[in-house]
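A structural walkthrough
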Amino acid sequence: MAGFADVCEEQLVSFARRRWPHVALEPLLFTMGGAAVGGCLVMVQPLPLRTGAIALAKWGPMLADAGRADAGALYAAMIEGLIARYARERRMLLSVMPHAAPGESNPQYDYLMARGFRRGAGFDFPDRYIVALRLSDEARRGHLEQKWRYHLRKSEQAGLAFERAGPERLAEFDRLYEAMTDRKKFHDYSAYGTVPALFARADAQLRPELFLVSAAGEVVSGAIVSKAGQRAVYLYGATSARGLQLRAGYFLHWQVMRWLRDNTAASWYDLGGTDGFRGLHQFKKGMVGSAGYIRPLPPAANFAAYRLPLLAGETAFAARGAVQRLQRLLDRLRPGGARPDLPREHAR
C-alpha cells in the first residue's frame, strides 16, 4: 500500500490494530490484469447477543492511482466487491466512510447514495482543512491569509531553527505534547498511543516524519506528519508556552509545507479538523488561504442486503452516538476543561 495514492493511517493494519484492538481486521487487495489497483482494510465488529456484525471501511477503499481515467469505475467495482462479501454473503451492515474531497460535491459519497446506501451518522464539526502543496514559496505566501502571513514574518525574525528529527527524539515531542494537553485542559481521545508503532514500520514510506522547531537549543514546537500517498496528513502537533510567544507554530508549518513539497509526491497537506475550537479554525483557515480547500467529511454511508442486519447495525450506531454525546456533555461540565467555542454554523 505504500505506493497507493489514497493510502492513509486508518487503512493500515499497524495503526488500526492498536487504535481499535477489539475489532477483527480484514485487509483486502483488488487486482486487475495481475496488478494491484486498490485495497481496503475492513474492520468487523460483532454486535451484542449475536444479532449481527458491522463491516466498516474508514477512508476506504483506496485507489492505487486516483488519477487514472477509470478511477470512478474502479471505485465502483471495489464497492460492489464489498457489498457481495459483507452485505450479501455474510449478512452484515456495510458502512463506508469516504474522505473529504475538493469541490462542492463528493463524488465517492454521491456514488454511494446513488447505489442505494443510506445516510449514517455524521460529525459534530466535519470540516477538514486541506493545504495545496505544489506551490513556490512566493506563490504560497501570496495565498496565505494576511494575518497568518504577518505571524509567519514575525516567527522568521525570532531566531527559530527547524529540523527533521529521527524517532530517537520522540521523547522530546512527548514532553511537549503532555505539557500542551495539561495547559489546554482538553480531553485527548486521539490515537496518540499508537505513535511508537507507526515509527517502527519497516517501510520508510509508511513511517511518519517528526519535525521539531527550537529556540536557542530548546525544543518549543513539533509535529508528526504522515507523508505517504497524495495527501500528507498532520497527525499530532504541540507547542510550548514559550513557543506560542515566538509564534513557533507558524514557522513549523511553513517549513513542513516546504519539506513535503520538496521531498514527497503529495499534492495536499491535510490539517484535520478543529473539534469545534475557534483558535484552531482561525489558524488552519489562514494556512489554507486561497489555494487549498475547506470541505466537510461526509456522513457514513450504510448498506444492508437484509432487514435484520440493517436494523441491528443502525440501532448499534445510534446507541454509540448517544454514548458519545453523553461523554462530550460530561466533558463540558467538568470544571476547568476546554470547551468547543465555534458557533454552530461550523457544525453540519
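Residues numbered from 1 in each chain as written. Predicted model: local features only at pLDDT ≥ 70, side-chain atom pairs only at ≥ 80, totals over all residues. Heavy atoms only, no water.

1. Structural notes on the packing of aromatic side chains
Summed over the entire model, instances satisfying the criterion amount to 14 aromatic pairs. Between tyrosine 177 and tyrosine 192, the aromatic rings sit 4.0 Å apart at their centres with planes inclined by 10°, giving stacked as the arrangement. One end of the pair, tyrosine 177, is in helix 6 (residues 170–184); the other, tyrosine 192, is in the loop between helix 6 and helix 7 (195–199), with 15 residues separating them in the sequence. Considered together, tyrosine 177 and tyrosine 192 belong to a single accessibility category, that of buried residues. For the pair tyrosine 192 and tyrosine 236, a centre-to-centre distance of 5.2 Å together with 85° between the ring planes defines the contact as edge-to-face. (Phe/Tyr/Trp six-rings, centres within 6.5 Å; stacked < 30°, edge-to-face > 60°. Helix = DSSP H or I, 4+ residues; strand = E, 2+ residues; numbered from the N terminus. Buried < 20%, exposed > 50% of the residue type's maximum accessible area, 1.4 Å probe, protein only.)

2. A short note on the nonpolar core
Counting 30 residues, the largest nonpolar core has Val225, Leu260, Tyr269, Leu271 and Met287 as the members making the most contacts within it. Of all the elements in the fold, those that place two or more residues in this core are strand 7 (127–132), helix 5 (146–156), strand 9 (209–215), strand 10 (218–226), strand 11 (231–239), helix 9 (248–263) and helix 10 (278–288). Ranked by residue count, the leading element in this core is helix 9, at nine residues. Counting 27 residues, the second largest nonpolar core, distinct from the first, contains Ala87, Leu94, Val96 and Tyr109. (Core = buried A, V, L, I, M, F, W, Y, C linked by side-chain atoms within 4.5 Å.)

3. What about the layout of surface pockets?
The computed volume of the second largest pocket comes to approximately 580 Å³. As for the second largest pocket, its lining consists of 23 residues, of which Asp6, Ala66, Gln108, Gln230 and Arg231 are closest to the centre. Where the lining of the second largest pocket is concerned, the elements lending two or more residues are helix 2 (71–89) and helix 3 (107–114). The residue inventory of the lining of the second largest pocket, partitioned by class, reads 16 nonpolar, five polar and two charged. (1 Å grid on protein atoms, 1.4 Å probe; cavity = no way out; pocket = protein on both sides within 12 Å on 5 of 7 lines; lining within 4 Å. Points joined across faces, edges and corners; volume = space filled by probe spheres on them. Nonpolar A, V, L, I, M, F, W, Y, C, P; charged D, E, K, R; others polar.)

4. Section: the sheet that holds strand 8 (residues 160–165)
Taken in spatial order, the seven strands make up an open sheet running 8-9-10-11-12-7-13, and their pairing is mixed. Here the strands that pair on one side only, and so sit at the sheet edges, are strand 8 and strand 13 (293–296). Averaged over all pairs of adjacent strands, the angle between their axes in this sheet comes to 30°, without regard to strand direction. Looking at chain direction, strand 11 and strand 12 (residues 268–270) are connected through three bridges and run parallel. Across the sheet, the residue bridging to valine 233 is aspartate 270, located in strand 12. Most of the contacts of helix 10 go to strand 7, to which it runs at about 35°, and overall it touches strand 7, strand 12 and strand 13. (Pairing = 2+ DSSP bridges. Axes fitted to C-alpha atoms, helices over the stretch in contact; angles between N-to-C directions. Contact = heavy atoms within 4.5 Å.)

5. A closer look at helix 6
In this model, helix 6 (15 residues) spans 21 Å end to end at C-alpha, consistent with the 21 Å of a helix rising 1.5 Å per residue. Its buried side turned inward, helix 6 meets helix 7, strand 9, strand 10 and strand 11. The positive-phi residue at the C-terminal boundary of helix 6 is lysine 185, with phi of around 55°. (Expected span 1.5 Å × (residues − 1).)

6. A closer look at the side chain of glutamine 11
In this fold, glutamine 11 is placed in the segment before helix 1 (13–19). A distance of 3.0 Å separates the side chain of glutamine 11 from the backbone oxygen of lysine 58, its partner in a polar contact. Once residues within four sequence positions are removed from consideration, glutamine 11 is found in contact with Gly39, Cys40, Leu41, Ala57, Lys58, Trp59, Gly60 and Met62. (Polar contact = N/O pair within 3.5 Å; in protein donor to acceptor, adjacent residues only side chain to side chain.)

7. Considering the pattern of salt bridges
Taken as a whole and assessed by the stated rule, the structure comprises 17 salt bridges. Note that arginine 295 and glutamate 104 form a salt bridge whose closest N and O atoms lie 3.5 Å from each other. Taken as a pair, arginine 295 in strand 13 and glutamate 104 in the loop between strand 5 (93–97) and helix 3 lie far apart in primary sequence, 191 residues in all. On the basis of relative accessible area, glutamate 104 is assigned to the exposed category, the value being 77%. The partner of glutamate 172 in a salt bridge is arginine 169, and the shortest N-O contact between them spans 2.7 Å. For glutamate 172, a relative accessible area of 23% translates into the label partly exposed. (Salt bridge = Lys/Arg side-chain N within 4 Å of Asp/Glu carboxyl O.)

8. Topic: the pairing of strand 9
Here strand 9 lies mainly inside the structure; seven of its seven residues are buried. Covered by surrounding structure in strand 9 are Glu209, Phe211, Val213 and Ala215 together with Leu210, Leu212 and Ser214, the residues of both alternating faces. Strand direction decides the pairing type here: strand 8 and strand 9, joined by six bridges, are antiparallel. Each residue of the ladder has a partner; that of arginine 164, found in strand 9, is phenylalanine 211. The sheet contact formed by strand 9 and strand 10 spans seven bridges and is antiparallel. For valine 213, the partnering residue across the bridge sits in strand 10 and is serine 221.

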